[in-house]
6 protein chains.
Amino acid sequence: MRPSKRAPDEMRRVSLERAVARYAEGSCLVKFGETHVLCAASVEDKPPPWLRNTGKGWVTAEYAMLPRATLERTRRESTTGKPSGRTQEIQRLIGRSLRAVVDLAALGERQITVDCDVLQADGGTRTASITGAWVALHDCLQWMKARNMLKGDALKDHVAAISCGIVNGEPVIDLDYVEDSNAGADCNFVVTGSGGLVEVQGTAEGKPFSEAEFGALMALARKGCGKLVELQKIAVL
Amino acid sequence: MRPSKRAPDEMRRVSLERAVARYAEGSCLVKFGETHVLCAASVEDKPPPWLRNTGKGWVTAEYAMLPRATLERTRRESTTGKPSGRTQEIQRLIGRSLRAVVDLAALGERQITVDCDVLQADGGTRTASITGAWVALHDCLQWMKARNMLKGDALKDHVAAISCGIVNGEPVIDLDYVEDSNAGADCNFVVTGSGGLVEVQGTAEGKPFSEAEFGALMALARKGCGKLVELQKIAVL
Amino acid sequence: MRPSKRAPDEMRRVSLERAVARYAEGSCLVKFGETHVLCAASVEDKPPPWLRNTGKGWVTAEYAMLPRATLERTRRESTTGKPSGRTQEIQRLIGRSLRAVVDLAALGERQITVDCDVLQADGGTRTASITGAWVALHDCLQWMKARNMLKGDALKDHVAAISCGIVNGEPVIDLDYVEDSNAGADCNFVVTGSGGLVEVQGTAEGKPFSEAEFGALMALARKGCGKLVELQKIAVL
Amino acid sequence: MRPSKRAPDEMRRVSLERAVARYAEGSCLVKFGETHVLCAASVEDKPPPWLRNTGKGWVTAEYAMLPRATLERTRRESTTGKPSGRTQEIQRLIGRSLRAVVDLAALGERQITVDCDVLQADGGTRTASITGAWVALHDCLQWMKARNMLKGDALKDHVAAISCGIVNGEPVIDLDYVEDSNAGADCNFVVTGSGGLVEVQGTAEGKPFSEAEFGALMALARKGCGKLVELQKIAVL
Amino acid sequence: MRPSKRAPDEMRRVSLERAVARYAEGSCLVKFGETHVLCAASVEDKPPPWLRNTGKGWVTAEYAMLPRATLERTRRESTTGKPSGRTQEIQRLIGRSLRAVVDLAALGERQITVDCDVLQADGGTRTASITGAWVALHDCLQWMKARNMLKGDALKDHVAAISCGIVNGEPVIDLDYVEDSNAGADCNFVVTGSGGLVEVQGTAEGKPFSEAEFGALMALARKGCGKLVELQKIAVL
Amino acid sequence: MRPSKRAPDEMRRVSLERAVARYAEGSCLVKFGETHVLCAASVEDKPPPWLRNTGKGWVTAEYAMLPRATLERTRRESTTGKPSGRTQEIQRLIGRSLRAVVDLAALGERQITVDCDVLQADGGTRTASITGAWVALHDCLQWMKARNMLKGDALKDHVAAISCGIVNGEPVIDLDYVEDSNAGADCNFVVTGSGGLVEVQGTAEGKPFSEAEFGALMALARKGCGKLVELQKIAVL
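Residues numbered from 1 in each chain as written. Chains lettered and ligands numbered in written order. Predicted model: local features only at pLDDT ≥ 70, side-chain atom pairs only at ≥ 80, totals over all residues. Heavy atoms only, no water.

## A short note on the overall build of chain A
Put simply, the test is: A run of H or I in DSSP counts as a helix once it spans at least four residues, and a run of E counts as a strand once it spans at least two, with each numbered from the N terminus. Within these notes, the globule rule equals 2.2 Å times the number of residues to the 0.38 power, and the radius of gyration is based on C-alpha atoms. Exposure is judged per residue with a 1.4 Å probe applied to protein chains only, and the accessible area is read against the type maximum: over 50% gives exposed, under 20% gives buried, and values in between give partly exposed. Should any heavy atoms of two residues lie within 4.5 Å, those residues are considered in contact. Throughout, the Shrake-Rupley method with a 1.4 Å probe supplies accessible areas, and for residues the shown protein chains are the sole cover considered. Charged-residue counts in this description rest on Lys and Arg as positive and Asp and Glu as negative, His and the chain ends being excluded. Where a charge lies is defined by one atom per residue type: Lys uses NZ, Arg uses CZ, Asp uses CG and Glu uses CD.
From N to C terminus, chain A includes 5 helices and 9 strands. What you see in chain A, going N to C, is helices and strands ordered as β-β-β-β-α-α-β-α-β-β-α-β-β-α. Taking 237 residues into account, the globule formula puts the C-alpha radius of gyration at 18 Å, and chain A, at 18 Å, falls close to it. Within chain A, buried positions represent 62% of all 237 residues. Put simply, 72% of the contacts in chain A that link residues at least 6 apart link residues at least 24 apart. Carbon and sulfur atoms form 49% of the exposed surface of chain A, whose accessible area is close to 9200 Å². Charge centroids of chain A, computed over 31 positive and 30 negative side chains, lie 4 Å from each other.

## Comments concerning the nonpolar core
Note the following rule: For the purposes of this section, nonpolar cores are sets of buried Ala, Val, Leu, Ile, Met, Phe, Trp, Tyr and Cys residues that join through side-chain atoms within 4.5 Å.
Ranked by internal contacts, the top residues of the largest apolar core, which has 447 residues, are F214(A), F214(B), F214(C), F214(D), F214(E) and F214(F). Apart from the residues lying within four places of it in its own chain, the contact partners of F214(E) are C187(E), F189(E), V200(E), F209(E), L197(F), V200(F), F214(F) and M218(F).

## Concerning the relation of the copies chain A and chain B
Each of the two chain copies can be brought onto the other by rotation about an axis and movement along it. Rules: A residue counts toward the fit only if its pLDDT is at least 70 in both copies, and the copies are then superposed by least squares on the C-alpha atoms of those residues.
Superposing chain A onto chain B requires a rotation of 180° together with a translation of 0.0 Å along the rotation axis, leaving an RMSD of 0.0 Å. The symmetry that links the two subunits is that of a two-fold axis. In this assembly the copies share their binding face: 100% of the residues contributing to the interface of chain A also contribute to that of chain B.

## A word on helix α5 (residues 211-235) of chain F
Which entries qualify depends on this criterion: The length a helix should cover is 1.5 Å for every residue beyond the first.
Here α5(F) contains 25 residues, and its C-alpha end-to-end distance of 36 Å stays within 8% of the 36 Å for a straight helix at 1.5 Å per residue. When we look at burial in α5(F), the residues that qualify are F214(F), L217(F), M218(F), L220(F), A221(F), G224(F), C225(F), L228(F), V229(F), Q232(F) and A235(F).

## Regarding the interface of chain C and chain E
Using the following cut-off: Defined in terms of a 1.4 Å probe, buried area is the accessible area two parts forfeit on being brought together, summed over both. For this analysis, a salt bridge means a side-chain nitrogen from Lys or Arg found within 4 Å of a carboxyl oxygen belonging to Asp or Glu. Here a polar contact is taken to be a pair of N or O atoms separated by no more than 3.5 Å, where protein atoms must pair a possible hydrogen donor with a possible acceptor and residues adjacent in sequence count only if both atoms sit in side chains.
If you look at the interface, chain C gives 36 residues, while chain E gives 36 residues. On the chain C side of the contact with chain E, Y23(C), R68(C) and R76(C) bury the most area, a combined 29% of that side's loss. At the boundary of chain C with chain E, the tally comes to 14 salt bridges. Ionic pairing is found between E34(C) and R22(E), a salt bridge with its closest N-O pair at 3.2 Å. For the pair chain C and chain E, the number of links is 22 residue pairs in polar contact (both at pLDDT 80 or more). Mapped by element, the contributors of at least two residues to the side of chain C that touches chain E are β3 (35-44), β4 (58-65), α1 (77-80) and β5 (111-120) of chain C. The leading source of residues in the side of chain C that touches chain E is β5(C), at 6 residues.

## Observations concerning the environment of P171(E)
Residues and elements named next belong to chain E. Following the sequence through the fold, P171 ends up in strand β7 (residues 170-173). Separated by 56 residues in the primary sequence, P171 and K227 place their C-alpha atoms 18 Å from one another. Beyond its immediate chain neighbours, meaning those up to four positions away, P171 contacts P8, G165, I166, A216, L217 and L220.

## Concerning the pattern of salt bridges
Oppositely charged side chains may form a pair once their charged atoms are brought near each other. Here the structure, examined in full by the defined rule, presents 126 salt bridges over all chains. The shortest N-O distance in the salt bridge between D139(C) and R18(C) comes to 2.8 Å. Residue D139(C) is located in helix α3 (residues 125-146), and its partner R18(C) is located in strand β1 (residues 14-18); the two are separated by 121 residues in the primary sequence. By relative accessible area, which is 13% here, D139(C) ends up buried. For R6(F), the salt bridge goes to D174(F), with nearest N and O atoms at 3.8 Å. Here D174(F) lies in the loop between β7 (170-173) and α4 (177-182) and R6(F) lies in the segment before β1 (14-18), a separation of 168 residues in the sequence. Here R6(F) matches D174(F) in class, with each residue buried.

## Section: the environment of L51(D)
Residue and element names in this part refer to chain D. Along the polypeptide, L51 turns up in the loop between β3 (35-44) and β4 (58-65). Note on L51: relative accessible area 10%, which makes it buried. Sequence spacing of L51 and E25 is 26 residues, and the spatial spacing of their C-alpha atoms is 22 Å. Sequence-distant contacts of L51, defined by excluding residues within four places in its chain, comprise K56, G57, W58 and E109.

## Considering a nonpolar patch on the surface
Residues and elements named next belong to chain A. Stated formally: Candidate patch residues must exceed 30% relative accessible area and have no salt bridge, after which like charges are joined if within 9 Å and Val, Leu, Ile, Met, Phe, Trp or Tyr side chains if within 5 Å.
Together, L71, Y177 and V178 make up an exposed nonpolar region whose accessible area comes to about 300 Å². Summarising the element assignment, Y177 is placed in helix α4 (residues 177-182). For Y177, a relative accessible area of 45% translates into the label partly exposed.

## Remarks on the interface of chain A and chain B
On the chain B side, the residues contacting the 36 residues of chain A number 36 residues. For the pair chain A and chain B, the summed buried surface comes to about 2700 Å²; carbon and sulfur atoms form 51% of the total. When the buried area of chain A at its contact with chain B is split by residue, Y23(A), R68(A) and R76(A) rank highest and sum to 29% of it. In this assembly, chain A and chain B are joined by 14 salt bridges. Summed over the shared surface of chain A and chain B, the result is 22 residue pairs in polar contact (both at pLDDT 80 or more). If you list the elements that add at least two residues to the side of chain A that touches chain B, you get β3 (35-44), β4 (58-65), α1 (77-80) and β5 (111-120) of chain A.

## With respect to the sheet that holds strand β2 (residues 26-32) of chain B
All names here are of chain B. The following threshold applies: Strands pair, by our definition, only if DSSP identifies at least two bridges between them. Working convention: axes come from line fits to C-alpha atoms, limited for helices to the stretch in contact. Angles between N-to-C directions cover 0 to 180 degrees.
Strands sit in the order β1-β2-β3-β5-β4 across an open sheet of 5 strands; the sheet is mixed. Only two strands of the sheet have a single neighbouring strand rather than two, namely β1 (14-18) and β4 (58-65). Neighbour-to-neighbour, the strand axes of this sheet turn through a mean angle of 20°, independent of strand direction. With 9 bridges connecting them, strand β3 (residues 35-44) and strand β5 (residues 111-120) associate as antiparallel partners. For E44, the partnering residue across the bridge sits in β5 and is Q111. Contacting β4 and β5, helix α2 (residues 85-99) runs over the sheet at an angle of about 145° to β4.

## Quick notes on the sheet that holds strand β3 (residues 35-44) of chain E
All names here are of chain E. Taken in spatial order, the 5 strands line up as β1-β2-β3-β5-β4 in an open sheet, and their pairing is mixed. With partners counted over all chains shown, the strands left at the sheet margins are β1 (14-18) and β4 (58-65), one partner each. For this sheet, the mean inter-axis angle between neighbouring strands, taken without regard to orientation, is 20°. In this structure, strand β2 (residues 26-32) lies alongside β3, joined through 7 bridges in antiparallel fashion. Within β3, the residue paired with L29 across the bridge is L38. This element, helix α2 (residues 85-99), spans β4 and β5 (111-120) of the sheet and lies at about 145° to β4. The sheet strands contacting helix α3 (residues 125-146) are β1, β2, β3, β4 and β5, and the helix crosses β3 at an angle near 35°.

## Points about the pairing of strand β7 (residues 170-173) of chain C
Residue and element names in this part refer to chain C. As paired elements, strand β6 (residues 159-167) and β7 share 4 bridges and run antiparallel to each other. Its bridge partner lying in β7, G165 is registered against V172. The turn joining β6 and β7, which pair antiparallel and follow one another in sequence, is formed by 2 residues; a positive phi near 50° is taken by N168.

So this is what it looks like as structure tokens:
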């Protein structure tokens, strides 16, 4: 039995609330149970240096947690002088995931930054971020389209993400903080609307896992991401 | 006429929502119109170094804005390597304001940090932060009292803050961003529940102001802070 | 009785010595009793980025203390990696105070930086800095005028500053370090030659102060700043 | 046909040279073709802070490239002020991989740091680092055993790593720089001597990959890691 | 003919004014012509970490220039985040020079820091700093002796320093900024009161120098340092 | 007797291996006994800012040690946030030494950076670096010449360096780590192929040295550098 009483293949309650940030070109407050992330997309009329004069644009992401998003207060990264390795790893992952479904040439020489700020953290913040960031990005691209800023359709597909892991020997989906702390394997899957794999990350905690176990986790994840994509479709109707 | 159609002595709609951060010992989402700040208080069983072995505690504050709290996205301070001068000035102000109404000896050797994270900024973020931080601090001290962590009553009074300024030659209260950008004088007042002054900060923008003008602003502020204290009382009933 | 035997409205002996820095365009060694600050103004033919192509210039200030300006040696800020919050707060204050009396359009696209380096600190370093920086700025503008670098009169007025506080229940002017450490309220006033207020900063230490007390401090400050302006006039004769 | 003329399942020539760093407790110069990494293990009699008084030890890794290890010179990270996101991601991966095969309790309160310095980079530096780091760690643990510093057998298994990817539509193993730059999917697998999975990382470049493609890459990787473990066994004979 | 009309072996006017910093345990304002350095010695009752429990003390130095000590304003090192390579080189040199004439065991577990802050720079700031720092150190040690803080005589000898160089083909002593900029060789010599060499640093600018030229510079320096030691003796009478 | 049984004027075995870095324009693995430094020269088609539009180029150097090059592991400078004072001092020395034998005008507006990475350190790393860097620079300039990138002969002479010191009262050449730790004087000499002095650095450790002692060290160094230049000539044949 999972601590949350959920079935092994049962995700937490997911909600995707749009237009929550008054000034952003697109925004979404995503909740996976008690994990809450505010995603806000901003357009800038200047691409990163390496894209100048290529006609192409870029999509990137930044990720942070409020100091008291967590059980214990964590130190603010502006006072430690730099984002931690974990933070950088996560924001690189979010950025790659979004770029996988965007036609960068359609953006022109612009950059979209999606800020993912975790207001409350109960496990799975990076997968919630990706899922919510897609909605913010979608609305941002709509905003740009309405202003004739895009060359054709920039958004090629949905992208969503979920964590799976082996807890007490059993493969389960969408781990909360308690499960995450006790998982024997912790995997994150990023999947497109058409079922393609964008990122697969599996890490053994404690002892290595087998190929069969990994297969079971991937099956759970594909099913879960399918549902998340359905929720995204409803959210942006 | 003010851009917001408010009367010169009319504050924006203020709301103080408690218990918004699941893990914090006390929290408050404060809204002054479109300015929204999430205040979360955390207790730590370790005082700052200079209070070791004194039996006394400390109250401090940190302040930050989400990158897209503002009209234009601002750079995240964790990537610039340090909090800006403005950020440090504000968080020092919030900390001093709270300490003015706390009996530090009653805390024992502990530190309370109140994080004020601006989710949306439309002027007056520092005064909203102080007003909301008092509520978060209040609830944190209640939490400590219930666990017998306090020596006597730690909270001596209310404290609230408001900005006033001279816009188009007229003294007005609670400036929003548009007014703030055009103000000839920009003042912040921090006032206790019993009417004492904790901080008075006045800055001329463009041309110096007269003592009479300053007096008018102080009168507005004292009235406004009185109302904010009433709202705090209702909020913590 | 004040520790220094001064009357409540008696400032320390003030001196303003010009042309003390051989290479600077304007300079002043200001002494308020045992508080000594070397102010040096430098012109640069490049405005800050946000003023490019506006035809306007800028005046800014930097502030620092020699490590052994103080009773105990303090750590050099170049080794801590950044100016402290206090340092930034002070240099922003000095800059704002000077800009209040300068016609920035008359400077053309140039920046003047006034460095205020505290050689010895006995309280009131920020107000001494502002008072001395005005002299350095005055001489720098004279130097520029002699070279036809200014469009019209750039210096619109004098500006001077003084601290006042409540010590042992009594309002006094120009606190030295011993008084400053024991003050119940610590206020800084920045006043122009024509009596306008540029900055008003009051902070309660320990318990809040009343509006009447604040009024008494302002009266002292206005009188003191009047005298400082007289001394500036004599100095630049 | 691969640019290097290798068969799809053919790794580059791998060599593992021990005892190359005169002062380290264990060391290995690992070469995967033109990718050369110097791995050096150091024991320190002090665990990281969070393990104090637990009786346990820790294994960690640091990773860096010489500035001219690459085709174009890259800036030295000591001059940029911090390790890049990529560097931190890689050194965290190496550390986790090594800890998966070490009994941390057997180390006592000590820390082993394995430095992986890339002398020359032609793709696959992280997988070469893990494979070579195991040899350096093995020798370091032998050195400790000879001095009775270990409680029982600390090294539980081998661990090796290899990259696989889809290049020109075909799954291939051990990509060099040219292939890596053109790969449609880039995956890294970390596998133990007994065939357990420690880390699985797959990233789509350009377009998402299918589950079948991912399965083909995993099959290649498991075979490759099996061979690498054989080479490790010969190296430490 | 030298630009300053001095003879090749003629130093600038040197003055050593003691007790210029009110709070320091020893201080000296040293002037070599237009080069002015304020040297202040501070005692701390804590040695550097590597001397704990050895019974020995340490002498160290820090060096900085006021931003407008120079012809052109230079950026403050607190804003660049770290002391420059040049600054570190100089403060290491001053520290080594002072330690060469101090019996560190006589200090007990204490550290003396001599701050050398250049108020005005016209060449030769490092040699002026060493010469003046000796006076500040002398007075600091006297202060300690008067408080029975020393075990025996801590100061073993004088130490002074001078620069020499080849300008327009001729060996000259005590270069000012103009000469320094045109020197073919630039050497600094640190010499004790009894004539021993503590540091010898020679750098060719443009083309290498011969052993004979170097010998001529050393002869000039030994004579000059002899005079500086005489001036130190008079200063501390 | 020296710990290494070498005669006082006997250097360690020196080897200079070229073309060790596959991608660099010139490279050399230099060994002075157990001190091993990898030198790699890189050309960049952009001069430093202060040489823009002068037609001239620049030669600079960077220096670093692998963490376990030394007996005890040293912390990586990328994690301390900046190169240490010692590192900066050494890389400035290497750069100046190389520039002394290069015609910067012949380079055009380009910069050559020679990276000196110490793989193993047993004393004398800076002198080995200079000696090896010359070889890397030589090959880099040959590479440029073959591509018609040079205006005339850029390399004017050889440059080599050696350390000498007084150990147990006797002047000896090329100190290893054990001798270096016990030396009474530690001097580094940088000498050109034609015998000119480029840099002379002598530091007393413990007690000052006499002019005669210094002369003996210089004589040893000149002989040693002569031999090193012979070895360079053979290496680049």
